[in-house]
Amino acid sequence: MVIKSLKDYHIILASNSPRRRELLGGLDLDFEVKVLPDIEESYPDHLNTSDIPLYIATEKATAYKDMMAEHDLIITADTVVVLGDEVLGKPVDLDDARRMLRELSGHTHQVITGVCLMTRERQHSFAVTTDVTFKELTDAEINYYVEKYQPLDKAGAYGIQEWIGYIGVTSLSGSYFNVMGLPVQRIYNELQHFCVV
C-alpha cells in the first residue's frame, strides 16, 4: 500500500547501506538512493550515548539541505551499538571486530537508530532502541563469523540477519528491523504524520 499523503514527494534515502535500501523498499514506497561522499560522522564528546545516532542522522540530512528540490523528502539514519557506557561503532579491522564480539558475548546491549526526515521547509528526528542479548560466544564461533562474514561495515561488528544472529541472539526486546539498521514500522508511521502536517 502506498501512503497517499506521500505521493507528491520525491523520497530520497541518503544511505549506502544495502540493508537500509532493502528495508525501506519493503514499505512499497518509490524512492531514490542518493549519497554524498565524505559526510562527517563525528559527534561532540559531551553527548549522551543515546543521543549520538540522532545527532549524526540530523547532521547527515543537513548536508543535503542546499541541494534539495521543492518536493524532495530526505531520509537519513545512523545506528550505534551501546554496551554499558561504551559505543561500539564499525570495527576498524578484523581484530577489532573480534574484540567487540567478545565484549557483547553473554551480555545485553542496546541498538539505537536515529532517523531524520527532512524537506526544504521541515525537519523531524526520532530514535528507536532495541535490547539484544547474546549467549556466551566461543572464540571458535567469533573467529568463524568474523573471517567468513567480514563485518567491518556493521556497528558492533555483527549483522543480526547473518549467521551470528542465528546462533548467538537469545532474546530481543523491540524492533528486529531496527537492529538491521532501519526501524521501518516507526518510519512508516512517522512519514504519515510528517506529510500530513
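Residues numbered from 1 in each chain as written. Predicted model: local features only at pLDDT ≥ 70, side-chain atom pairs only at ≥ 80, totals over all residues. Heavy atoms only, no water.

### Re the overall build of the protein chain
If you tally the helices and strands in the protein chain, you get seven helices and seven strands. When the helices and strands of the protein chain are placed in sequence order, the string is β-α-β-α-β-β-α-β-β-α-α-β-α-α. Taken against the 2.2 N^0.38 rule, which gives 16 Å for 197 residues, the C-alpha radius of gyration of the protein chain at 17 Å falls within 12% of a compact globule. Expressed along its principal axes, the backbone C-alpha trace of the protein chain runs to roughly 55 × 35 × 25 Å. Taking contacts inside the protein chain between residues at least 6 apart in sequence as the whole, the part at least 24 apart equals 67%. (Helix = DSSP H or I, 4+ residues; strand = E, 2+ residues; numbered from the N terminus. Rg over C-alpha atoms; globule rule 2.2 N^0.38 Å. Contact = heavy atoms within 4.5 Å.)

### Remarks on the packing of helix α3 (residues 94-104) against helix α4 (residues 139-149)
Following both chains from N to C, one finds α3 and α4 inclined at 140 degrees, their axes separated by 10 Å at the closest point. As summarised for this structure, α3 and α4 are arranged oblique, according to the angle between their axes. Of the two elements, α3 crosses α4, and the hand of that crossing is right-handed. Residue-level inspection shows L94, A97, R98, L101 and R102 of α3 in contact with α4, the latter providing D139, I142, N143, Y145, V146 and E147. Here the residues of the contact of α3 with α4 are counted per class, giving six nonpolar, one polar and four charged. (Axes fitted to C-alpha atoms, helices over the stretch in contact; angles between N-to-C directions. Parallel < 35°, antiparallel > 145°, perpendicular 65-115°, else oblique. Left-handed = near helix turned anticlockwise from the far one by under 90°. Nonpolar A, V, L, I, M, F, W, Y, C, P; charged D, E, K, R; others polar.)

### Some points on the nonpolar core
Soluble, globular proteins show a tendency: their nonpolar side chains are buried together. Ranked by size, the top nonpolar core spans 41 residues in total, and within it I75 and Y158 carry the most contacts. Among all residues touching I75, those that are not within four sequence positions of it are I11, I12, L13, A14, L24, V115, C116, L117 and L191. In this structure, I12, M68, I74 and C116 belong to the second largest nonpolar core, which totals nine residues. (Core = buried A, V, L, I, M, F, W, Y, C linked by side-chain atoms within 4.5 Å. Buried < 20%, exposed > 50% of the residue type's maximum accessible area, 1.4 Å probe, protein only.)

### With respect to the environment of P53
Mapped onto the elements of the fold, P53 is located in helix α2 (residues 52-62). Classification of P53 as buried rests on a relative accessible area of 0%. Spatially, the C-alpha atom of P53 lies 4.6 Å from that of G114, the residues being 61 residues apart in sequence. Setting aside residues up to four positions removed in sequence, P53 forms contacts with D78, V80, I112, T113 and G114.

### Some points on the side chain of T113
Considering the arrangement of structural elements, one finds T113 in strand β5 (residues 108-118). With a relative accessible area of 0%, T113 lands in the buried category. Separated by 2.9 Å, the side chains of T113 and T79 make a polar contact. Here N178 takes part through its side chain, which lies 2.8 Å from a polar atom of the side chain of T113. Every residue in contact with T113, bar those within four places of it in the chain, is listed here: P53, A77, D78, T79, F126, A127, V128, N178, G181 and P183. (Polar contact = N/O pair within 3.5 Å; in protein donor to acceptor, adjacent residues only side chain to side chain.)

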